[in-house]
Amino acid sequence: MTDSATAASPAAPPSVSRGPWWAPALAGVLALGLGLAVAEVVAGALGRAETPVVAVGEEFIDLTPGWLKDFAIEVFGTNDKTALLVGMGIVLTVLGALIGLLASRRKGAGLVAATVLLVIAGLAVNSRPDTTMADLVPTVAAGIVALPTLSWLVGKAAPPQQATSTATRPAPSRRSFLTAAGVTAGLAVVGTGLGQLLGARRAGVETSRDDLAASLDLPRPDVPTGTDLVVDGAEPWRTPNQDFYRIDTALSEPLVRAEDWTLRVHGMVENEVELDYDQLAGMGLVDRWLTLNCVSNEVGGNLIGNALWTGVPIADVLALARPHADADAVRSRSQDGWTAGTPLDVLTDGRDALLAVGMNGDPLPLAHGFPVRMIVPGLYGYVSATKWVVELEVSRFDQFNAYWTTRGWAERGPVKVASRIDVPSSRAHVSAGTVAVAGVAWAQHRGIEAVEVRVDEGDWNAARLAAVPSTDTWRQWVWEWDAQPGEHRLQVRATTADGEVQTSEQASPAPDGASGWHTVDVTVD
Ligand SMILES: Nc1nc2c(c(=O)[nH]1)N[C@H]1C(S)=C(S)[C@@H](COP(=O)(O)O)O[C@H]1N2
Ligand SMILES: [Mo]
């Protein structure tokens, strides 16, 4: 009698087809382990710090009562983090084993338990500060890998009991389970290692940035006197880095260490130039308050921020390269291939167009273009503010298209004069009497000369303007309104220093920026 004949024999006891008790437990542990390893790889590849394991650990630390923290530090000293990770490893092993055992009895229940665990991890990721939807990608990837692996491995470890003769199903082989388990374990180990490696790249860039924070000696930005009217509810004149809007096409920030960075200046030039970070910084850093805004900003929107930028005038760098007389544009390129086309004359007309290395007294944050970005007063970001910039190609507008111009946006992007009401906010209820109506207005490099407010389409009233250090920043304004009970409509318009009155004509952002008056409806009680 052959083996297969034995298995097919009705006399064979059903228990023959059951694997050992520990096999499904091992299957659960390995499936979970592989899922978490995949999360490490994905997080590393995306340059995200918050893997499910890290996030759960950090949440645990934050939620730990003080006495337990003290106890942990007392017992483990500076090894308290290692102790936490070891503890998490033990808990995850136990949970994985339980999930595996559960899945071997009722597969659906096991899969639900594993999903619940990942959802908890996702919630932990979500409640970390500064996380976005992209930070959930590693956890989702963990689920996509862990759940099928669980189902597959548990199937091999403990196939359904065969109470009756099932000649069509061969008896499971112990060896096939062990092979599958071994492969899973191997992948998990390789994945974890790869994830660490990829994560180290981000850590290397952060170290590079920390070193510069010490060596660059950037100025501490004191807000210039009189620029901030400090009206309750209005945005501060200086935008803190963590509140500065972020717009780019990068799913995760390009990771470039300052020591690896170079800028190539080429194209229609007499003299091709390549600069490294120290050479650039050595050309002489200047500090300038500049307001940056996005062409996609709607009327009344907040895709705008104002910061003290430290950098080298782009004109100085272009002067080294000596552009040809018939060139009219600079195509800048970022490390991840994004491009912008900027008029050459704007870059060389004496305005403070910078290759910036510092923002509000810190080295550029990774999200805002570390180690070097462009910023050009008077132009929207999409035609000028290349982050992670590595290349300036002197060229002609009739010879190239940039990232957004191939997608229908205007070739030139001068900032349109605009104004915004910050307080009172839309649909706010305010008390009758004196109400501070306040906000900002901007027309970078031209400057704001007047701001007017009107109520219910009545006469325009001049607002009081705050001080500004130059024409390159936004300008705060306030108007004291004697508010009478009822529903009212507030509108604002600005006038530039060169005499342009902000148009009431409404335009949406595409293709060259929104226009129209910001209008806010409020109720006075
Ligand atoms: N490399 C790169 N630089 C870029 C972009 C981008 O997608 N990639 N977006 C631009 C746009 S549209 C704007 S409005 C500004 C925004 O800069 P911020 O994110 O620092 O506010 O960056 C510009 N620089
Ligand atoms: Mo933008």
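All values derive from a computational prediction rather than experimental measurement.

Caption draft 1: Looking closely at the site of ligand 1. Near ligand 1 lie 19 residues; those nearest to it are Y245, T249, H368, R373 and K387. Between ligand 1 and Y245 there is a distance of 2.6 Å, counted from an oxygen atom to a backbone nitrogen or oxygen. Here a nitrogen atom of ligand 1 and a backbone polar atom of A385 are 2.9 Å apart.

Caption draft 2: Structural detail: the pairing of strand 1 (residues 262-267). As judged from the four bridges shared by strand 1 and strand 2 (residues 273-276), these two strands associate in the antiparallel manner. Residue pairing for strand 2: T262 is matched across the bridge by D276. Connecting strand 1 to the next strand, strand 2, in antiparallel fashion are five residues. The pairing of strand 1 with strand 10 (residues 389-395) spans four bridges and is classified as parallel.

Caption draft 3: View of the packing of helix 3 (residues 52-63) against helix 6 (residues 107-126). Orientation of helix 3 relative to helix 6, taken along the N-to-C sense of each, is 70 degrees, at an axis distance of 8 Å. Put simply, helix 3 runs roughly perpendicular to helix 6. Considering how the two elements wind past one another, helix 3 and helix 6 form a crossing that is left-handed. Listed contacts from helix 6 to P52, A55, V56 and E59 of helix 3 are A121, A124 and V125. Taken together, the residues of the contact of helix 3 with helix 6 break down into six nonpolar, no polar and one charged.

Caption draft 4: Just the confidence of the model for the protein chain, in detail. On average, the protein chain scores 91 in pLDDT, and the residues at 70 or more come to 93%. Predicted confidence is poor over residues 1-16, with pLDDT under 50, and the contacts of this stretch with residues over four places away or in other chains come to eight contacts.

Caption draft 5: The arrangement of the packing of aromatic side chains in detail. Applying the stated criterion across every chain yields a total of nine aromatic pairs. A connected cluster of aromatic rings, assembled from ring pairs, spans F244, Y245 and W309. Taking NZ or CZ as reference, R407 lies 3.7 Å from the ring centre of Y403, over its face.

Caption draft 6: Local environment of the sheet that holds strand 17 (residues 475-483). Reading across the sheet, the four strands line up as 11-13-17-16 and stay open at both edges, with antiparallel pairing between neighbours. A single partner strand is all that each edge strand has here, and the edge strands are strand 11 (418-423) and strand 16 (464-465). As judged from the nine bridges shared by strand 13 (residues 433-442) and strand 17, these two strands associate in the antiparallel manner. Opposite A441, over in strand 17, you have R475 as the bridge partner.

Caption draft 7: Structural view of the domain arrangement of the protein chain. The domains assigned to the protein chain are domain 1 (22-162 + 171-198), domain 2 (241-407) and domain 3 (418-524). Relative to domain 3, the C-alpha centre of domain 2 lies at a distance of 30 Å. Every contact between the two is made by 22 residues of domain 2 and, on the other side, 18 residues of domain 3. When domain 2 packs against domain 3, the two sides together hide about 1500 Å² of surface, and 59% of this comes from carbon and sulfur. Considering only the side of domain 2, the residues that lose the most area to domain 3 are T291, V299 and I304, jointly responsible for 31% of the buried surface there. Our enumeration of links across domain 2 and domain 3 arrives at zero salt bridges. Breaking the side of domain 2 that touches domain 3 down by element, the ones donating at least two residues are strand 3 (286-293) and strand 4 (304-313).

Calculation notes
- Just so you know, the residues in each chain are numbered from 1, in the order the chain's sequence is written.
- Labels follow written order: the first chain is A, the first ligand is 1, and so on.
- Given that the model is predicted, a residue must reach a pLDDT of at least 70 before its local features are reported, and side-chain atom pairs must reach 80 or more before they are shown or counted; all residues, however, enter totals for whole chains, interfaces and linings.
- Computation of side-chain values: all heavy atoms of the structure, hydrogens and water removed.
- If even one non-hydrogen atom of a residue comes within 4 Å of a molecule or strand, that residue is called near it.
- Polar contacts, as counted here, are pairs of nitrogen or oxygen atoms within 3.5 Å of one another; within protein the pair requires one atom able to donate a hydrogen and one able to accept it, and residues that are adjacent in sequence qualify only if both atoms are side-chain atoms.
- Two strands are counted as paired when DSSP detects at least two bridges linking them.
- What counts as a helix is a DSSP run of H or I of at least four residues, what counts as a strand is a run of E of at least two, and both are numbered from the N terminus.
- Between N-to-C directions, angles span 0 to 180 degrees; the directions come from axes that are lines fitted to C-alpha atoms, helices contributing only their stretch in contact.
- Orientation is classified from the angle alone, with under 35 degrees giving roughly parallel, over 145 giving roughly antiparallel, 65 to 115 giving roughly perpendicular, and any other angle giving oblique.
- Put simply, a crossing is left-handed when the front helix is turned counterclockwise from the back one by less than a right angle, and right-handed when it is turned clockwise.
- Should any heavy atoms of two residues lie within 4.5 Å, those residues are considered in contact.
- Each residue is assigned to one of three groups, with Ala, Val, Leu, Ile, Met, Phe, Trp, Tyr, Cys and Pro labelled nonpolar, Asp, Glu, Lys and Arg labelled charged, and all others, Gly among them, labelled polar.
- The predictor attaches a confidence to each residue, and that confidence, scored 0 to 100, is pLDDT.
- Pairing of aromatic side chains here covers Phe, Tyr and the six-membered ring of Trp, requires ring centres within 6.5 Å, and sorts the geometry by plane angle: under 30 degrees stacked, over 60 edge-to-face, intermediate tilted.
- Both a distance and an angle decide whether a charge sits over a ring: NZ of Lys or CZ of Arg must be within 6 Å of the ring centre and within 35 degrees of the ring normal.
- Boundaries of every domain are those given by an automatic assignment or by a domain database.
- Two parts placed together each lose some accessible area; with a 1.4 Å probe, that loss summed over both constitutes the buried area.
- Salt-bridge detection follows one rule: a side-chain nitrogen of Lys or Arg within 4 Å of a carboxyl oxygen of Asp or Glu.

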